[in-house]
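# Observations on chain architecture
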Amino acid sequence: SGALELVEGLRRARVPMAIATSSRATSVQKKRNKHGKMFECFQEIVTGDDPNVKNGKPAPDIYLEAAKRLGVHPSECLVFEDAL
């Protein structure tokens, strides 16, 4: 519940948010179906199989694409990573 509370608070504060994941779009859709309330807080979702993402993580391509879609300069972005 902590993560949901965080993203809901950020949404209420009108902070633009995106998900940038290495997962394929089909996998993300399954997660979206299960965690719809969380996913509706994000304006954009960029997946690893997105044609605009030329190089996968750890290259910055996916993050740059997410920032572009949000209309935010990358230097103004903060990333929360869920993997070690």
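Right above here is the structure, for reference.
Residues numbered from 1 in each chain as written. Predicted model: local features only at pLDDT ≥ 70, side-chain atom pairs only at ≥ 80, totals over all residues. Heavy atoms only, no water.

### Some details on the overall build of the chain
Applicable threshold: Only DSSP runs of H or I covering at least 4 residues are called helices, and only runs of E covering at least 2 are called strands; the numbering of each starts at the N terminus. Note on method: radius of gyration uses C-alpha positions; expected globular size equals 2.2 Å times residues raised to 0.38. Three labels apply to residues, based on accessible area from a 1.4 Å probe with only protein chains included: buried if under 20% of the type maximum, exposed if over 50%, partly exposed otherwise in between. Contacts were defined at the residue level, with two residues in contact if any of their heavy atoms lie within 4.5 Å. In short, Shrake-Rupley with a 1.4 Å probe defines the accessible areas, and a residue's cover is counted only from the protein chains shown. Neither His nor the chain ends contribute to the count of charged residues, in which Lys and Arg are positive and Asp and Glu negative. Charge positions come from single atoms, namely NZ of Lys, CZ of Arg, CG of Asp or CD of Glu.
In terms of regular secondary structure, the chain is built from four helices and two strands. Taking 12 Å as the expected radius of gyration for a compact globule of 84 residues, we find that the chain reaches 13 Å, a close match to that expectation. Projected onto its principal axes, the C-alpha positions of the chain cover 35 × 30 × 25 Å. Here the chain holds 84 residues, and 25% of them are scored as buried. Restricting the contact set of the chain to residue pairs at least 6 apart, pairs at least 24 apart contribute 56%. When the accessible surface of the chain is totalled, it reaches about 6100 Å², and 54% of it is carbon and sulfur. For the chain, the separation between the mean place of its 13 positive charges and that of its 11 negative charges on side chains is 5 Å.

### Quick word on the state of the cysteines
Quick reminder of the rule: The disulfide criterion is simple: two cysteine sulfur atoms within 2.5 Å.
As enumerated under the stated definition, the model contains zero disulfides in all. With no disulfide of its own, Cys 77 has Cys 41 as its nearest cysteine by sulfur position, at a separation of 18 Å. A residue is classified by how much of its surface remains accessible, and Cys 77, at 36% relative accessible area, is partly exposed.

### Some thoughts on the nonpolar core
For clarity, the threshold we go by: To define a nonpolar core, start from buried Ala, Val, Leu, Ile, Met, Phe, Trp, Tyr and Cys residues and group those joined through side-chain atoms within 4.5 Å.
Core analysis: the biggest nonpolar cluster contains eight residues, these being Val 7, Met 17, Ile 19, Val 28, Phe 39, Cys 41, Phe 42 and Ile 45. For Met 17, the contacting residues outside a window of four places in its chain are Val 7, Leu 10, Arg 11, Cys 41, Phe 42, Gln 43, Glu 44 and Leu 70. In this structure, Ala 20, Val 46, Ile 62 and Ala 66 belong to the second largest nonpolar core, which totals five residues.

### Quick word on the environment of Glu 81
Checked against the element boundaries, Glu 81 lands in the segment after helix H4 (61-70). Glu 81 sits in the partly exposed class, given a relative accessible area of 41%. Not counting chain neighbours up to four residues away, the residues in contact with Glu 81 comprise Lys 57 and Tyr 63.

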